[in-house]
Amino acid sequence: MGVNRMTDAMATVKAARAPRAYTTRGLIDSMVTDFIEQHGDRNGGDDAAIIGGTGWLGNRGVTVIATNKGETLEERLQTNFGGPSPSGYRKAERLMRQAAKFNRPIITLINTSGAYPGREAEEGGQGEAIAHTLLTATQLPVPLIAVIIGEGGSGGALAFALGDRVWMSDQSMYSILSPEGFASILWKDSKRSAEAAAVMGLTPQDLLAKGVVERIIPDTGMQFGYDLRAALMPELDVLCAKEPAELIAQRRLRFRKF
């Protein structure tokens, strides 16, 4: 294992975990206009770790679903540091179904180390909620573009990334679990996390080369939302021109090849 590769991979991990120049809501507001947030999973919960609603991307109405880590300590505790609970996944699934009903493309913004692992989440059906979100995504007759903007961890992130296109910022990572967790399982030594990060191939460049993602977009700080807007508009033009059956078939094939 080359030292440079280990260093580069761990640098990517640190960049993905670092605070952003923008808030999640600020990113949404610079990406779409007239955003209207919607609340609740229609089952009694409203997870603050998920921000979802509708807005305009140019002349096209879209649904936006974003993970939210919060800014203050109080907000981070409310969002479980960006770890969605079952109600968060059910809220996302509700918004996906609503988007399909009204023929709105979906954009997801992902920055989570994974689903909240607490006892109450497991008792509330965390695995089932993630599975239903994934199943719904495979059946959507509308385009879904996923953008990983920070951490993309495990099934907690995958639930929002089963899309027709998956993009990453150059300050992000995407993996089955954390490097520390990987090292603890494989070598019984979490201190070998840098080595694990290199082995896992979690960097945007690694994943682009393997075809797991289609595009890397530079995170330009406060300008990032506007850059995303410019990149998303022509891509949605292409995807929206496809028949629903073709979209679904290609989306499923995209993931089967992995």
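Residues numbered from 1 in each chain as written. Predicted model: local features only at pLDDT ≥ 70, side-chain atom pairs only at ≥ 80, totals over all residues. Heavy atoms only, no water.

**Quick notes on helix H11 (residues 224–240)**
With 17 residues, H11 ought to run about 24 Å at 1.5 Å a step, and its terminal C-alpha atoms sit 24 Å apart, in line with that. The principal kink in H11, of about 25 degrees, is found at Leu232, preceding the proline Pro234 by one to four residues. Those residues of H11 not exposed but buried are Phe224, Gly225, Leu228, Ala231, Leu232, Glu235, Leu236 and Leu239. (Helix = DSSP H or I, 4+ residues; strand = E, 2+ residues; numbered from the N terminus. Expected span 1.5 Å × (residues − 1). Bend = angle between axes of the 7 residues up to and from the residue. Buried < 20%, exposed > 50% of the residue type's maximum accessible area, 1.4 Å probe, protein only.)

**Considering the sheet that holds strand E3 (residues 60–67)**
Hydrogen bonding along the main chain pairs the strands of a sheet, whether they run parallel or antiparallel. If you trace the seven strands from one edge of the open sheet to the other, you get E1-E2-E3-E4-E5-E6-E7, paired in mixed fashion. Where the open sheet ends on each side, the last strands, each with one partner, are strand E1 (33–38) and strand E7 (215–217). Each neighbouring strand pair of the sheet contributes to a mean axis angle of 25 degrees, computed without reference to strand direction. Where strand E6 (residues 165–169) and E7 come together, three bridges link them in parallel fashion. When the sheet's bridge partners are listed, Ser169 is paired in E7 with Ile217. (Pairing = 2+ DSSP bridges. Axes fitted to C-alpha atoms, helices over the stretch in contact; angles between N-to-C directions.)

**Quick notes on the packing of aromatic side chains**
For any pair of aromatic rings, the description consists of the separation of the ring centres together with the inter-plane angle of the planes. What the rule picks out here adds up to four aromatic pairs. Measuring from centroid to centroid gives 5.2 Å for Tyr89 and Phe160, while their planes differ by 15 degrees, and the two rings are stacked. Of the two residues, Tyr89 is situated in helix H4 (residues 86–101) and Phe160 in the loop between helix H7 (154–158) and E6; the sequence distance between them amounts to 71 residues. Looking at Tyr89, the relative accessible area reads 0%, which means it is buried. Note on Phe182 and Trp187: the rings are 6.2 Å apart at their centroids and 75 degrees apart in plane angle, and the pair reads as edge-to-face. Exposure remark for Phe182: the relative accessible area of 18% places this residue in the buried category. Taking the ring centre of Trp167 as reference, the NZ or CZ of Arg215 above it sits at 5.2 Å. (Phe/Tyr/Trp six-rings, centres within 6.5 Å; stacked < 30°, edge-to-face > 60°. Lys NZ or Arg CZ within 6 Å of the ring centre and 35° of its normal.)

**With respect to helix H9 (residues 193–200)**
Here H9 has its buried residues at Ser193, Ala196, Ala197, Ala198 and Met200. At the C-terminal side of H9, Gly201 shows a positive phi close to 60 degrees.

**Section: the pairing of E3**
Burial of E3 is extensive: seven of the eight residues sit out of reach of the surface. Two strands pair when backbone bridges link them, and strand E2 (residues 50–57) and E3 are joined in this way by eight bridges, in the antiparallel orientation. Bridged to Gly52 within E3 is Ile65. Linking E2 back to E3 in an antiparallel pair, the connection comprises two residues, with Gly58 at a positive phi of about 70 degrees. Bridge analysis of E3 against strand E4 (residues 106–112) gives four bridges, and the strand direction is parallel. Within the sheet, the bridge partner assigned to Ala66 lies in E4 and is Leu109.

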